[in-house]
Amino acid sequence: MQSCISPRRSSVPHSPRPEVRGVCHVVFRIRRGLPWLRTPRTWRVLERAFRRGKEKPGFRLVQFSVQGDHLHLLVEAESKPELARGLQGLAIRIAKNLNRFWRRRAGSVFAERYFSRAVKTAKEIKRALAYVVNNARKHRVWSSPTQPDPFSSGRWYSGLYGSADICRPLRAPPVVDARDMYLSMPCFRDLSVSFTPGQSAWGGEIFEA
């Protein structure tokens, strides 16, 4: 069986993986030349993969957004090995589903390595949450002032505010409820549906993608 990970060199530096016990921001990039991810039919393929791979022992997918050539994930993991296993399983599931949808007999989908960064403080977690859920605004591919990006988990996120008419899907969410103290605090998680992420928001560093 061919791996879903490409042997080509990734633009992500080969730095040591962070120790993880809690919230982590993850970015998966697809190989150059593959189709655009932000289409309605591709979204349905990805949503099914997220729904089936959103939780494993010690691993939980709590938020995500789909961009043209990469995915942003906000996950919770109990350890570095459980993070690696959870992401590997999710990546394999996504790659198989996309290859089937694109009618590719086989072939790698993702770049060699994914980016991951542990986020620990309240400021870091809130910034990562806003960055992931509203990432499409940063890329200027979504601009509605009243509705969350339809290619993200924002429609299922009850912490978004800004419009009384946010369309909430009736189907079960493709993410799980967060266990982290900050992500689950109602007074902490309020996030404007129209917020545009930027390097200066709440200070600190974050992966710019």
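Scroll up to find the structure.
Residues numbered from 1 in each chain as written. Predicted model: local features only at pLDDT ≥ 70, side-chain atom pairs only at ≥ 80, totals over all residues. Heavy atoms only, no water.

**What to know about helix α1 (residues 40-53)**
Quick reminder: α-helices carry 3.6 residues per turn. Residues three or four places apart thus point the same way. Applied cut-off: In this text, helices come from DSSP runs of H or I with a minimum length of four residues, and strands from runs of E with a minimum of two, each type numbered from the N-terminal end. Any helix carries an expected span of 1.5 Å times its number of residues minus one. Residues are treated as being in contact if the distance between any of their heavy atoms lies within 4.5 Å.
Over its 14 residues, α1 extends 20 Å from the first C-alpha to the last, a length consistent with the 20 Å expected when each residue adds 1.5 Å. On the buried face of α1, the contacting elements are β2 (55-56), β3 (59-66), β4 (70-77) and α2 (80-102).

**Quick word on the pattern of salt bridges**
The condition that has to hold: When a carboxyl oxygen of Asp or Glu is within 4 Å of a side-chain nitrogen of Lys or Arg, the pair counts as a salt bridge. Only protein chains enter the calculation, and the probe is 1.4 Å; a residue is then buried if its accessible area is under 20% of its type maximum, exposed if over 50%, and partly exposed in between.
Here the structure, examined in full by the defined rule, presents eight salt bridges. A salt bridge links Asp149 to Arg38, with the nearest nitrogen and oxygen atoms 3.0 Å apart. Separated by 111 residues along the polypeptide, Asp149 in the loop between α4 (135-138) and β6 (160-161) and Arg38 in the loop between β1 (22-29) and α1 bring together distant segments of the chain. Grouping residues by exposure puts Asp149 and Arg38 together as buried. Of the charged contacts in the structure, one is a salt bridge between Glu55 and Arg179, with a shortest N-O distance of 3.9 Å. Pair noted here: Glu55 is in strand β2 and Arg179 is in the loop between β6 and α5 (186-189), with a separation of 124 residues, a long-range link. On the accessibility criterion, Glu55 (43% relative accessible area) is partly exposed. By relative accessible area, Arg179 is classed as exposed at 57%.

**Some details on the environment of Ser194**
Summarising the element assignment, Ser194 is placed in the segment after β7 (191-192). Residue Ser194 is classed as partly exposed on the basis of its relative accessible area of 36%. Distance from Ser194 to Ser144, taken between C-alpha atoms, is 7.2 Å for residues 50 residues apart in sequence. When neighbours within four sequence positions are excluded, Ser194 is seen to be in contact with Arg137 and Pro145.

In short, the description is geometric, and any link to function would need to be established separately.
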